[in-house]
Amino acid sequence: MNSAGRRTRKDSGSGDNSSRTMRTRQDSTIKDINGVLSVRFLDDADALEKICCISKTAPKMSRVGELLRNSQHLISHRAGTPMTVADPDSESEPESPPAQPNAALTELNSAQLEVEDTVRGTAVFGFQRCHRRSHLRRVAEEFAQKSPVKTSAADIKSPGTPRRGCSGLPASIGSGRRGGRRPVSRTVDDRNRSRSRSRSPPPARSRSRSKSRSRSRSPPPPQRNGRTPSTPKSAAGRTPQTPRGRASAALPAKTPQTVRRKVKLRLSKLKQEDIAVSDDDDDSDVSPLEDSSEDEYKAPMEEEEDDDEESEEEDDEEEEEEEASTVPPAAVRGRGGAPRRRPELEPAAVSAEDYFSLHSAGGPTSNHTLSRLSEPRLSGAALRALLDARPTDHAAERAALLTDLEIMFPHWLAAVSHGFNILLHGLGSKRDVLERLRRQHLRERLHMVVSGYHPSVTPRQLLLTLLEEALDVPAPPSKLEAQLEAVERRLAAPGAPALFLLVHSIDGPMMRAEKMQYVLARLAQLPRVHLLASADHINSPLVWDQHKLAQFNFLWFDATTLLPYTEETSYENSLLVRQTADLALSSLRHVFKSLTPNARGIFILLAKNQVERASDKTFDGMPLSELYQRCRDAFLVSSQVALRAQLTEFRDHKLIRTRQSHDGVEQLTVPLEAALISEFLASCEDS
Amino acid sequence: MATSSLTKDFQEEMFNTVFHEMIEYLQGSVDIEEDAGIPTATLITGVNMPDHTGVFRSLAERLRAQVTAHVAVLEAASCATVQATVRAMVRQLTAAGEVTAAGEPLSPDVPVVDEDDEDDCLLDVPDQTSRQRRAPATMPALVAHYEAAQETVASPKKGSPRKRARTVPQRRPLVVVWRDLEAFQPRVLQDLVLICSQYRTKLPISFVFGVSTCASAVHRLLPQHVSARLSLHKFHSQLATHCLAEMIDKVLLSPSMPFRLGGRALRLLLDIFLYHDFSVNNFISAYKFCMLSHFLWSPASALCCEPHQLEERVEELTGAQVAGLRALPSVRAYLDDLEQEERHTLQHDGVFKEWVLHMAPKLHSKHEELLVGLRCLFALTKRLPGALLGKQFREAYNLALLHALPERDEYKRTFQLLSMLSRQELTATLEHALEAVSGSGSALSTVLRTQLDRVRALDDRPTPVSEEESSQQRRLVADTLKQATSRQSLRESLQSMGAARNARLNPYETLRSALLDELDEHLRGLIVQPSKWPFNECVVFDDVSLVRRRLVGAPRSSVQTALADPAKYLQCTCCQLGDAASIRPTMPDLCIVYKLHLECGRLINLFDWMQAFRAVVGASDDDQTIQARFAHCVAELQFLGFIKSTQRKTDHVARLTWGSC
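The following refers to the structure shown. Worth saying up front: this structure is predicted, and the values here are computed from it rather than measured.

1. Side note on the overall build of chain A
A tally of regular secondary structure across chain A gives 29 helices and 10 strands. Per-residue burial over chain A gives 53% buried out of 687 residues. Once local pairs closer than 6 in sequence are excluded, the contacts in chain A between residues at least 24 apart make up 77%. Carbon and sulfur atoms form 55% of the exposed surface of chain A, whose accessible area is close to 30400 Å².

2. A look at the overall build of chain B
When helices and strands are counted, chain B shows 33 helices and 10 strands. Put simply, chain B has 661 residues, and 51% of those count as buried. Taking all contacts inside chain B whose residues are at least 6 apart in sequence as the whole, residues at least 24 apart take part in 73%.

3. Let's talk about the packing of aromatic side chains
A full pass over the atoms with the stated rule returns 34 aromatic pairs over all chains. Ring centres of A:Phe552 and A:Phe554 lie 4.7 Å apart, and the angle between their planes is 10°; on these two criteria the pair is classed as stacked. For the pair shown, A:Phe552 and A:Phe554 are each scored as buried. Between the aromatic rings of B:Trp609 and B:Phe630, the centroid separation amounts to 5.4 Å while the plane-to-plane angle is 85°, which identifies the pairing as edge-to-face. With a gap of 21 residues between them, B:Trp609 in helix 32 (residues 606–617) and B:Phe630 in helix 33 (residues 623–640) connect regions that are remote in the sequence. Side by side, B:Trp609 and B:Phe630 carry an identical accessibility label, which is buried. A cation over a ring is seen here: B:Arg375 above B:Phe393, with NZ or CZ 4.9 Å from the ring centre.

4. Brief notes about the sheet that holds strand 9 (residues 657–660) of chain A
Strand order in this open sheet of 3 strands is 8-10-9 (chain A), and the pairing throughout is antiparallel. Looking at which strands have only one partner, the edges of the open sheet turn out to be strand 8 (622–623) and strand 9 of chain A.

5. Regarding the pattern of salt bridges
Tallied over the full model, the rule gives 23 salt bridges over all chains. When the shortest N-O distance is used, the salt bridge between B:Asp623 and B:Arg614 registers 2.6 Å. For B:Arg614, a relative accessible area of 17% gives the class buried. Residues joined in a network through salt bridges with shared partners are A:Glu481, A:Glu488 and A:Arg522.

6. Here's the deal with the sheet that holds strand 5 (residues 230–236) of chain B
Residue and element names in this part refer to chain B. Taken together, 5 strands build an open sheet; the order of strands is 2-3-4-1-5 and the sheet is parallel. Taken across any chain shown, the strands that pair with only one partner, and hence form the sheet edges, are strand 2 (71–74) and strand 5. Put simply, the sheet's adjacent strands are angled 20° from each other on average, direction ignored. Of the pairings in the sheet, the one linking strand 1 (residues 38–44) to strand 4 (residues 205–211) comprises 5 bridges and is parallel in character. Considered in strand 4, the bridge of Leu43 is made with Gly210.

7. Quick word on the pairing of strand 10 (residues 666–669) of chain A
Along any regular strand, the residues point their side chains to alternate faces of the sheet. Residue and element names in this part refer to chain A. The pairing of strand 8 with strand 10 spans 2 bridges and is classified as antiparallel. Counterpart to Met622 in the pairing with strand 10 is Leu668. Relative to strand 10, strand 9 runs antiparallel, the two sharing 4 bridges. From the neighbouring strand, Gln660 faces strand 10, where its bridge partner is Glu666. Linking strand 9 back to strand 10 in an antiparallel pair, the connection comprises 5 residues, with Gly664 at a positive phi of about 85°.

8. Comments concerning the packing of helix 32 of chain B against helix 33 of chain B
All names here are of chain B. At a minimum axis distance of 10 Å, the contact between helix 32 and helix 33 shows a crossing angle of 115°. Handedness of the crossing formed by helix 32 with helix 33: right-handed. Of helix 33, the residues touching helix 32 (which contributes Leu606, Trp609, Met610, Phe613, Arg614 and Val617) are Asp623, Ile626, Gln627, Arg629, Phe630, Val634 and Leu637. Residue classes in the contact of helix 32 with helix 33 are distributed as 9 nonpolar, 1 polar and 3 charged.

9. Things to note about the nonpolar core
Ranked by internal contacts, the top residues of the largest apolar core, which has 120 residues, are A:Trp412, B:Leu261, B:Phe283 and B:Phe535. In terms of residue count, the dominant contributor to this core is helix 19 (residues 349–382) of chain B (15 residues). The contacts of B:Leu261, once residues within four sequence positions are left out, are B:Leu252, B:Leu266, B:Leu269, B:Tyr287, B:Cys290, B:Leu401, B:Val540 and B:Phe541. B:Leu570, B:Tyr594, B:Phe639 and B:Val653 belong to the second largest nonpolar core, which has 51 residues in total.

10. Quick notes on the side chain of B:Thr85
Considering the arrangement of structural elements, one finds B:Thr85 in helix 4 (residues 82–101). Excluding anything up to four places from it in sequence, B:Thr85 contacts B:Leu74, B:Cys79, B:Trp178, B:Val188 and B:Leu192.

11. What about the pairing of strand 3 (residues 174–178) of chain B?
Residue and element names in this part refer to chain B. The buried fraction of strand 3 is high, at 5 of 5 residues. Side-chain alternation along strand 3 places Leu174, Val176 and Trp178 on one buried face and Val175 and Val177 on a second face that is also buried. When strand 2 meets strand 3, the two strands line up parallel, connected through 4 bridges. When the bridges of strand 3 are listed, Val71 appears paired with Val175. Bridging between strand 3 and strand 4 involves 5 bridges; their strand directions are parallel. The residue bridging Val176 from the neighbouring strand is Phe207, located in strand 4. Where the polypeptide runs from strand 3 across helix 9 (residues 186–198) and back to strand 4, its parallel neighbour, the crossover connection is right-handed.

12. Considerations on a nonpolar patch on the surface
Residues and elements named next belong to chain B. Residues Val47, Leu274, Tyr275 and Phe278 make up a contiguous nonpolar surface patch of roughly 370 Å² in combined accessible area. Tracing the backbone through its elements, the reader meets Phe278 in the loop between helix 13 (263–277) and helix 14 (280–297). Residue classification places Phe278 among the partly exposed positions, given a relative accessible area of 31%.

13. Side note on helix 33 of chain B
Quick reminder: α-helices carry 3.6 residues per turn. Residues three or four places apart thus point the same way. Residue and element names in this part refer to chain B. Under the 1.5 Å per step criterion, the end-to-end length of helix 33 is 26 Å for 18 residues, consistent within 8% with the ideal 26 Å. The element helix 33 is largely enclosed, with a buried count of 16 among its 18 residues. Among the residues trailing helix 33, Gly641 stands out with phi positive, at a value near 95°.

14. So, unusual backbone geometry
The phi torsion at A:Asn553 lies on the positive side, around 55°, for a residue other than glycine. Tracing the backbone through its elements, the reader meets A:Asn553 in the loop between helix 23 (546–552) and strand 6 (554–558). For B:Asp651, which is not glycine, the phi torsion reads 55° and is therefore positive. With respect to the element layout, B:Asp651 can be found in the loop between strand 9 (643–645) and strand 10 (652–655). Classification of B:Asp651 by relative accessible area gives buried; the value is 12%.

15. A few points about the environment of B:Lys366
As for its position among the elements, B:Lys366 is in helix 19. In this structure the C-alpha to C-alpha distance between B:Lys366 and B:Gln529, which are 163 residues apart in sequence, comes to 9.8 Å.

16. Quick word on helix 29 (residues 674–686) of chain A
Residues and elements named next belong to chain A. Its 13 residues place the ends of helix 29 18 Å apart at the C-alpha level, agreeing with the 18 Å of an ideal helix rising 1.5 Å per residue. Of the positions making up helix 29, those classed as buried are Leu676, Ile677, Phe680, Leu681 and Cys684. Down the axis, helix 29 shows its buried residues gathered within 135° of arc, on one side only. Of the exposed residues in helix 29, the ones pointing more than 90 degrees away from its buried face are Ala675, Glu685 and Asp686.

17. Brief notes about the environment of B:Phe19
Residues and elements named next belong to chain B. Note that Phe19 resides in helix 2 (residues 16–29). Taking the C-alpha atoms as reference points, Phe19 and Ser237, separated by 218 residues in sequence, lie 8.5 Å from one another. Aside from chain neighbours lying at most four places away, what touches Phe19 is Leu43, Val55, Ser58, Leu59 and Arg62.

Rules used in this analysis
- The written sequence of each chain sets the order in which its residues are numbered from 1.
- Each chain takes a letter, starting from A, and each ligand takes a number, starting from 1, following the order in which they are written.
- Two thresholds apply to this predicted model, a pLDDT of at least 70 for residue-level local features and 80 or more for giving and counting side-chain atom pairs, whereas whole-chain, interface and lining totals are computed over all residues.
- To get the side-chain values, all heavy atoms of the structure are used, and hydrogens and water are removed first.
- Where helices and strands are cited, they refer to DSSP runs of H or I of at least four residues and of E of at least two residues respectively, numbered from the N terminus.
- To sort residues, take the accessible area from a 1.4 Å probe on protein chains only and compare it with the maximum for the residue type: under 20% means buried, over 50% means exposed, and anything in between is partly exposed.
- When checking whether two residues touch, look at their non-hydrogen atoms; a contact exists if any pair is within 4.5 Å.
- All accessibility values rest on the Shrake-Rupley procedure with a 1.4 Å probe; residue burial counts only the protein chains present in the view.
- Any pair of Phe, Tyr and Trp rings, taking the six-membered ring for Trp, is counted once the centres come within 6.5 Å. Such a pair is stacked with planes under 30 degrees apart, edge-to-face with planes over 60 apart, and tilted for the rest.
- Put simply, a charge is over a ring when the Lys NZ or the Arg CZ is close to the ring centre, within 6 Å, and near the line of the ring normal, within 35 degrees.
- Here, a strand pair is defined by DSSP locating no fewer than two bridges between the strands.
- Within this document, salt bridges are pairs made up of a side-chain nitrogen of Lys or Arg and a carboxyl oxygen of Asp or Glu, the two lying within 4 Å of each other.
- Note on geometry: axes are C-alpha line fits, over the in-contact stretch for helices, and angles between N-to-C directions span 0 to 180 degrees.
- We call a crossing left-handed when the near helix sits turned anticlockwise from the far one by less than a right angle, and right-handed when that turn is clockwise.
- Each residue receives one of three labels: charged for Asp, Glu, Lys and Arg, nonpolar for Ala, Val, Leu, Ile, Met, Phe, Trp, Tyr, Cys and Pro, and polar for the others, Gly being one of them.
- We call a set of buried residues a nonpolar core when its members are Ala, Val, Leu, Ile, Met, Phe, Trp, Tyr or Cys and they connect through side-chain atoms within 4.5 Å of each other.
- Classification remark: right-handed applies to a crossover when, strands pointing away from the viewer, the course from the first strand over the helix to the second runs clockwise.
- A patch is a set of surface residues, each over 30% in relative accessible area and not in a salt bridge, joined within 9 Å for like charges and within 5 Å for the nonpolar side chains Val, Leu, Ile, Met, Phe, Trp and Tyr.
- A helix is expected to span 1.5 Å for every residue after the first.
- Picture the helix axis, draw a direction to every C-beta atom, and the arc is the one those directions span.

Put into structure tokens, the structure is as follows:
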């Protein structure tokens, strides 16, 4: 992952580029332009914030990405520095005249204004945090550059403190991620640079935060001293130009809760890092299943780092990616043997703190509903039509992933023939993979396909199909256990064929049942049954206990295809897809046709009543006595017993639902939406 | 493959003793008085559940062979109700007897095959008739069946009453094996025990309880009035770790096995065993997988064979294979150390093959040497404090595979500690070491033997400190003490005296250091890390990351990696991320939607989510298409288990993961 990250930064003009290139320039330049810039800059930053929070017009966000990129590109271009990252040579380069960055900054500001203008609509809900973060980070970095003297002085006070804000300099590549591992003896210049990069927050935005922070964390941990910009020391020594009064005036109205949450997050992070630093020295006993080799070790740690800081402030972002760049690229690449496309996976590390921070904060979500859309819920058919009309992205790459998997087919078959079973995991529909395997290698063999994502697959059905269709057992027993035994006997007989069992989504909604897994495990255990399955759900391993896992004897293969789960999700009750009630309606019609005229009358009576009172919120069914009264009036039934007999039949066909009200009265409803019922009634009247 | 037979033999032996005891108990159970309760053998199997299938299968086989034909193995999964349990039990108990009903003589050890045959013919006839043929599976039917079976056994012996009397104790017990007792419904279990105890007068039923936790589980499941009907006996099965140690010794380290596990792979396998499941079966399966991958996917494995096949194999090597062998890291390293000329001659394929033929058999002998040296070293350290090389031999072996052991601290510390041993301790330690290596017939055993002799010979000699010397010394001490004028000088003189005494070693100490030096030298020669051997790749498999990926699945991390950074899988240039949290409009829709959802709290507003999605992907599509794309992605995320629908707020979904994943 990290190697990829490094590459990106080099060849694409993304947001960090401008800041990085700026950073690598000599301090003197910055000093020169300090006076001019800061004032302008602060003005703009404040203005930005103001606009951001005041403006309440509707979002118009389509241009955000483009504008952002343009402005970044422009800046980095204007700054007159090369695109290469952390090039030591750039220090000796001729300094660009102060006017140039100045102009660039103005440009940036105007661009940002535009960007912010389009962004602000949803900024409150968190989705724009990314954009905002990158923008604010840039602002913060440039601001930090303007006060190099002060910060380096702070640095010299604690010369030996290990520091994290290390750049992607070649020298630091390969050194550990924490300060403790880093060579302490660094040149002052180097330190200065890294210090100057550790940002102080944009004055307007994080003012309230840093205040509360300095309150809560008055004695900062020593090793943090040098790097966190918002520790009391650096906060106190902030540039005198900062117009505090103005900033507070312009301060956006922020909910105190978010502030508290951020402080909490930060504290918890610090605590974790302290622990992590102390743990770093002996990494051989982290987890027994972890790899022991040093190079592979860094990856999981990095991941953890990412996770910690994901929800963090903008000023932490920077460190995160710098650390990412310190991992030697070779360490994370896949090893030989496996196809090149399968990256080495790091175990996902999450901190428990994240759980509490997620659950303690009642995240403010807006009250927008889907009714704002012209058509809140698309129908399934319309959805499919729209998606089919659109060309898929990355078609070539996805095809290449599939081809890579095809190369593995002989391996799978070899493993399967030695008594192992195959489980495919990874993102993307693996239906195609198993289907291709079936078409290429299993046509001549005895095989059976189980669609685990189908909502009606049951163990009994599976076994019956297996016995009747695949194994040609004429009259299979009806009991599950007996069926299993029959399969076992049939396959244990000499000369019995090998059976390939292909299971799509072995963790599908119906497959999660204990009974189903028991059946599959029993089958998989048989020497002549070869199971090739795919798993999609992220928690799928929870389905199996140790006993079952041993029975399955799985070999796990990463079969990431990134193909859409079209077939698999078509059965899921999707949130955004309108539930088509065609099925319910047609079944209702079928049952209705077979009823006696009197029974039809009763049902229509009930249904009409429900349609009439559809708007009544307090209506929760027609009382039985009322129904009886009306039926008698309409000469539909003569006694309550007769009515009950009819109702029993309705109930058996699931045409009605009875519920006991709180005073014990039986209430009858038709379990369909009012619109459907009226449609049904209309069709009844037609015929 | 040879391994499978090896492991099978081994598993047979694993439970030999405990089965033997149990069978004796069960055989005697028929004679136990009726009011003593149902004789019950509680077999404590341990928590290694995956191994139990094999254990109970072989137990049932042995019981059928040695005790009785009437054996029923009940599993919790098929015994949800009392009715189902009774049916399963009676069916299995009478299965052997049905052969008798068909007119065949009942042999006490009905092989399993017979039963299968019988079932097969059942299968062939239509289901209806087979159901008619079977008696109803109830307890009275069982009693009737059992009595009929007993008569057929007894009838040929109907001679004198005396003979008859002798046959009575031969009543075969009915053994019901309850696999994994804790998994049964307590209700079912209690009822069945009560039912069986009712029939105790007519049927000599006895139970075997398979308990995986501890013996008290039986009393937890059964109330007092039920457990009073049982007479419980406890049997402990062997510990899984012992089985593993045996297994490693007999299979992994066996000289007849050409294939070897590398240090890291072995460590992974041991870790899975110790920290995950304690299952010897799983260990064997993982070992098999290592072997399979070695032979299937490692080209160098062509030379991994028995020594006598080697010549043939080397002859068959193709040019490409030879080139592959030459490119092996260990061979390259070896060649680089050689003289220029020698290296040049080895470029020739014929010469190279001969050289391979010369070198390859050494791999096996070197492994043997390593084992001998290691066993000796392990025996030496075993009595030292601190368990320097681990408590089990496998730990020491793994250490030697992973590192160059003689350079390690553990090794140095061992010799430091050995050099402090008293004469008796040293003798005992050397005896142990000799015992450990005596079977191997290597030079080390002779060395140890002579050393032992030397230590013992020293014992006989009188202490060489003469009378005169000691008196002289005493005088010296007295002199120095008199000369001391101050406390300071007294201390100094005492210290110098002590140092002088220490410097002079007594003969035992001289001998000890000489012996240890000799031993050290020998061991250093023997204990060579396998990765240093040329051609070790042919026999040693150490692709630990492959094994981990295959055996320890990480489905969630693969999904999350693909979602968070699809470029890793797609290998495209358009989706490269500078920053893990950033989003690019070119990424697959699902990834964009996923990343947007990461920024949210517990609840996510669908509308806002869609607006954010629209903002990221741009205005390339019309609203409907974007909505369709978004809806599909949400459905996929729901399918993957990241979100679920919620009623807490209109048009919101709940996030199911936390943190940034």
